[in-house]
Amino acid sequence: MSSEGPYARYGAGGGSAGYNSAPPRDSYNGAAPGYGQSYGGPGYGGGQGYGGSGVSYSAPAPGGYGQQGYSQSVGASENFGASAQVDTSKKGGKKSMALQALNKNVIMWAGFFTASLFVYFMMSGGDFSFLMTYGAMSRMFGFGILNVKTFLSKRATGVSVKTLQLYCLVFFFRLTSIIRHEGYLPYDKSGDWLYHVIEIMALLFTGCALWGCMVPFKSTYQGEMDKFGEMNVPTGMGAVYLAIPVLILAIIVHPNLNSDFLSDVAWTYAMYLESVALVPQLFMFQKQTSGVVELLTAHFVAALGFGRVMEFMFWIYSYHELATSAGSKLPGYLALFSQFMQLVLMLDFFWYYYLAVKNATPLVLPSHGTAMGIV
């Protein structure tokens, strides 16, 4: 950023088998165990008991009540209790697994926020422009999650290669600007070197994830769902419908903080392109037949969105610095508008992401299913 202005750089039982061994006798033919069994030995007069529809009864033999029917009844009760216990244990197991997943989510984000506080207090001057660095950290964190998801599961399911291609362009062009000039760097100490390192790491993470999706795990990549922009272009090249128009816009409308045409256009192109880079990923989510989004993939997208929120908060107060050489503030307005539209597109995603994290379940986008819920 410029050294002027309010944010100038460097400024401010089992049961028993029975009671005796008296042999059982059936009360009527074809009865189910436990319902047609007599309670004892031969009844008075040698009768079979009342062998009607209900439980039969015969008078007890001298040996006492026969226990076969009793034992079978007890066994049936125990079987019922055992099945109920199994169902309960299954529910408990699911709750336990959900709790473990929720704990992992909490630990992951807690680690990120802890690192953010460390950077803010130890490696930043506490300036408001730290929000730019914070947004960059969140993007790097997101692509780190994506690499963990891809390489640990050895699957590229649910990931849009087009979004990764666009983000590679975003980080590359931003680095070509901020390495050569400092007009668009954060004002505080994090703009000296930390911001550069974060952007370089984000580019490496993005390139690594793209390589994983296209080379070792290509067989799991869902290309049939990653169809954004594939009209009159070779397969997999749909991102050009976003990359080329945005480049033309950046050439026409860009700020002049670096006083260098190529550097200013490169930074502006990265800014505008990042606002639409997630569109292919969101498009792919909607194309998935089940509507289910893996939780780690959802964390990846949410981290990118959170980073965008941080940068949007910064530019709300600093957009006036993004002016052309003629003094027009149109680049600043366009930067705010593009970021705002990206956040609007992600509003429903943020809501269902919150529900998924809360319940430790996969995320289901609202276009799938009548309940619009989490499964």
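Since this is a predicted model, take the numbers as computed values, not measurements.

Right, let's talk about empty space enclosed by the protein for a bit. Looking at the largest cavity, its volume works out to about 50 Å³. Taken together, Met132, Arg174, Tyr195, Trp267, Met271, Glu311 and Trp315 make up the lining of the largest cavity. Where the lining of the largest cavity is concerned, the elements lending two or more residues are α6 (261-276) and α8 (295-318). Taken together, the residues of the lining of the largest cavity break down into five nonpolar, no polar and two charged.

Enumeration over the complete set of coordinates arrives at zero disulfides. You can see Cys213 has no disulfide; the closest cysteine sulfur is in Cys208, sitting 9.8 Å from it. Residue classification places Cys213 among the buried positions, given a relative accessible area of 0%.

Ranked by internal contacts, the top residues of the largest apolar core, which has 79 residues, are Phe143, Leu164, Tyr167, Trp315, Phe349, Tyr353 and Leu363. Residue contributions to this core peak at 11 residues, all from α8.

We now examine a nonpolar patch on the surface. A cluster of nonpolar side chains, Ile244, Leu247, Ile248, Ile251, Ile252, Phe261 and Leu262, forms an exposed patch at the surface whose accessible area comes to about 690 Å². Of all the secondary-structure elements, those providing two or more residues to the nonpolar patch are α5 (240-252) and α6. Among the elements that take part in the nonpolar patch, α5 stands out by supplying five residues, more than any other. With respect to the helices, strands and loops of the structure, Ile251 is situated in helix α5.

A few words on the confidence of the model for the protein chain. For the protein chain, per-residue confidence averages 78 on the pLDDT scale, and 70% of positions sit at 70 or higher. Taken element by element, the protein chain is modelled with least confidence in helix α1 (residues 68-122), mean pLDDT 63, and with most confidence in helix α3 (residues 161-178), mean pLDDT 97. Within the model, the stretch residues 2-8 combines pLDDT values under 50 with 15 contacts to residues more than four positions away or in other chains. Within the model, the stretch residues 368-375 combines pLDDT values under 50 with 21 contacts to residues more than four positions away or in other chains.

What describes two packed helices is the angle between their axes and the distance between those same axes. Running from N to C, α3 and helix α4 (residues 194-214) point in directions that differ by 155°, and their axes come no closer than 9 Å. Taken together, the axis directions place α3 and α4 in an arrangement best described as roughly antiparallel. Along this stretch, α3 crosses α4, giving a crossing that reads as left-handed. Here Val161, Leu164, Gln165, Tyr167, Cys168, Phe171, Phe172, Arg174, Leu175 and Ile178 of α3 come into contact with α4, specifically with Tyr195, His196, Glu199, Ile200, Ala202, Leu203, Thr206, Gly207, Ala209, Leu210, Cys213 and Met214.

So, how was this worked out
Residues numbered from 1 in each chain as written. Predicted model: local features only at pLDDT ≥ 70, side-chain atom pairs only at ≥ 80, totals over all residues. Heavy atoms only, no water. 1 Å grid on protein atoms, 1.4 Å probe; cavity = no way out; pocket = protein on both sides within 12 Å on 5 of 7 lines; lining within 4 Å. Points joined across faces, edges and corners; volume = space filled by probe spheres on them. Helix = DSSP H or I, 4+ residues; strand = E, 2+ residues; numbered from the N terminus. Nonpolar A, V, L, I, M, F, W, Y, C, P; charged D, E, K, R; others polar. Disulfide = S-S within 2.5 Å. Buried < 20%, exposed > 50% of the residue type's maximum accessible area, 1.4 Å probe, protein only. Core = buried A, V, L, I, M, F, W, Y, C linked by side-chain atoms within 4.5 Å. Patch = residues over 30% accessible without salt bridge, like charges linked within 9 Å, V, L, I, M, F, W, Y side chains within 5 Å. Areas by Shrake-Rupley, 256 points an atom, 1.4 Å probe, with all protein chains shown as cover. Salt bridge = Lys/Arg side-chain N within 4 Å of Asp/Glu carboxyl O. pLDDT = per-residue confidence, 0-100. Contact = heavy atoms within 4.5 Å. Axes fitted to C-alpha atoms, helices over the stretch in contact; angles between N-to-C directions. Parallel < 35°, antiparallel > 145°, perpendicular 65-115°, else oblique. Left-handed = near helix turned anticlockwise from the far one by under 90°.

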